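Breakdown of the fold
Spelled out, the chains give:
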Amino acid sequence: MISSFIEYEGISLFTESVGDPADPTVLLIMGATASGVWWPEEFCTMLAQQGLFVIRYDHRDTGASTSCEPGNINYKVEDLADDAIRVLNGYKKSSAHLVGMSLGGLLAQLVALKYPTRVQTLTMIASERLAAADPSMPGISPSVLEYHAQAGTLDWSDRETVVKYLIGAWKLLSGSAHQFDPALIGSMAEEDFARTPNLLTAFNHAQLQDPAEWCNRLQEIQHPALIIHGTEDIVLPYEHAAALHAELPNSRLLTLEGTGHELPRGDWADIVGAIVSRTRD
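Read on for an overview of the structure. Nothing here was measured: the structure is a model prediction, and the numbers come from that model.

Before going further, it helps to spend a moment on the side chain of Thr123. Residue placement: Thr123 occurs in strand β6 (residues 119–125). If near-sequence neighbours (up to four positions away) are discounted, Thr123 is found in contact with Leu98, Val99, Gly100, Leu226, Ile228 and Ile275.

Now the structure itself:
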């Protein structure tokens, strides 16, 4: 992959791309606390081989992008959405197909609302509605919160400890449909550790608040949309996908039976095929 930094107003965003820049652009937007590393390079290459120019990037406070001090956030969710547009500007792309996972899917919705002419299609993987909090929707499993409660006791400067912790975190999120792949997750964890000055900065994302001005406006999004969700997601249970599909016009829903809050290799062919099909509508 070819890497470059996008610079603006003192902010630096680390990006990587694969494919022919003359092809239609896909911008991959990862979830909270996760850098672009967590879009597996092989997955990105699979998309590129289908005639797409693929960009992944590190959010603020992740990877090699600009970071705040831990616990001292100075930006909002809207700023992260603006960052996606700044990445496109840096690559001189007038528009793109957006593919977001988890928080990245919510950011894709926000970008489509704020910058409708910059979006061609949007895909949301393991995501939720850009909406006010809904107490009727199932929440994150307590097991996830319990696991991450140990984060404060770890030595985040120790590579082996951090990699083991991240492997355990992703294993917890995996479903029963596919065998967990510790080698794949471990290699991405190693890469994340190597590129990130202080991994604790990623936890700043926990301070982000819902962008109230943009909530409950899904009916305004008319772009072709694709929703991909596993039935064993313990972070954002499948009901979130059903609700998003019901409220988002012009959307399709791809259900991954037995998949969790993850991007397992066994689903890549189906996911890539669905994204490519939607980009050609």
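Let's pick the thread back up.
In sheet architecture, strand pairing relies on hydrogen bonds along the backbone and comes in two forms, parallel and antiparallel. Overall, mixed pairing links the 8 strands, which are arranged β1-β2-β4-β3-β5-β6-β7-β8 in an open sheet. Across the chains shown, the open sheet's two edge strands, defined by having one partner strand only, are β1 (2–8) and β8 (251–256). Across the sheet, the mean angle separating the axes of adjacent strands is 20 degrees when strand polarity is ignored. Where β6 meets strand β7 (residues 225–230), 4 bridges bridge the pair, whose relative direction is parallel. Bridge assignment links Leu122 to a residue of β7, and that residue is Ala225.

Computed from the structure, the largest pocket encloses a volume of approximately 1400 Å³. In terms of lining, the largest pocket is formed by 46 residues, of which the most central are Ala32, Thr33, Ser102, Ile140 and Val235. Elements represented by at least two residues in the lining of the largest pocket include exactly α3 (103–114), α4 (142–148) and α5 (159–173). If one sorts the elements of the lining of the largest pocket by residue count, α5 sits on top with 5 residues. Its residues assigned to classes, the lining of the largest pocket comprises 32 nonpolar, 9 polar and 5 charged. Lining the second largest pocket are 18 residues, with Leu184, Ile185, Glu262, Leu263 and Pro264 positioned closest to its centre. Per element, the largest residue contribution to the lining of the second largest pocket is 3 residues, and it comes from helix α6 (residues 182–195). Across the lining of the second largest pocket, the residue classes break down as 11 nonpolar, 4 polar and 3 charged.

Under the criterion given, the structure shown has 1 cavity of 30 Å³ or more. Roughly 30 Å³ of volume is contained in the largest cavity. Lining the largest cavity, in full, are Ile125, Ala126, Ile228, His229, Gly230, Leu256, Thr259, Gly260 and Glu262. Here the element with the most residues in the lining of the largest cavity is β7; it accounts for 3 residues. Here the lining of the largest cavity is composed, by residue class, of 4 nonpolar, 4 polar and 1 charged.

What counts, and where the lines are drawn
- Residues numbered from 1 in each chain as written.
- Predicted model: local features only at pLDDT ≥ 70, side-chain atom pairs only at ≥ 80, totals over all residues.
- Heavy atoms only, no water.
- Helix = DSSP H or I, 4+ residues; strand = E, 2+ residues; numbered from the N terminus.
- Contact = heavy atoms within 4.5 Å.
- Pairing = 2+ DSSP bridges.
- Axes fitted to C-alpha atoms, helices over the stretch in contact; angles between N-to-C directions.
- 1 Å grid on protein atoms, 1.4 Å probe; cavity = no way out; pocket = protein on both sides within 12 Å on 5 of 7 lines; lining within 4 Å.
- Points joined across faces, edges and corners; volume = space filled by probe spheres on them.
- Nonpolar A, V, L, I, M, F, W, Y, C, P; charged D, E, K, R; others polar.

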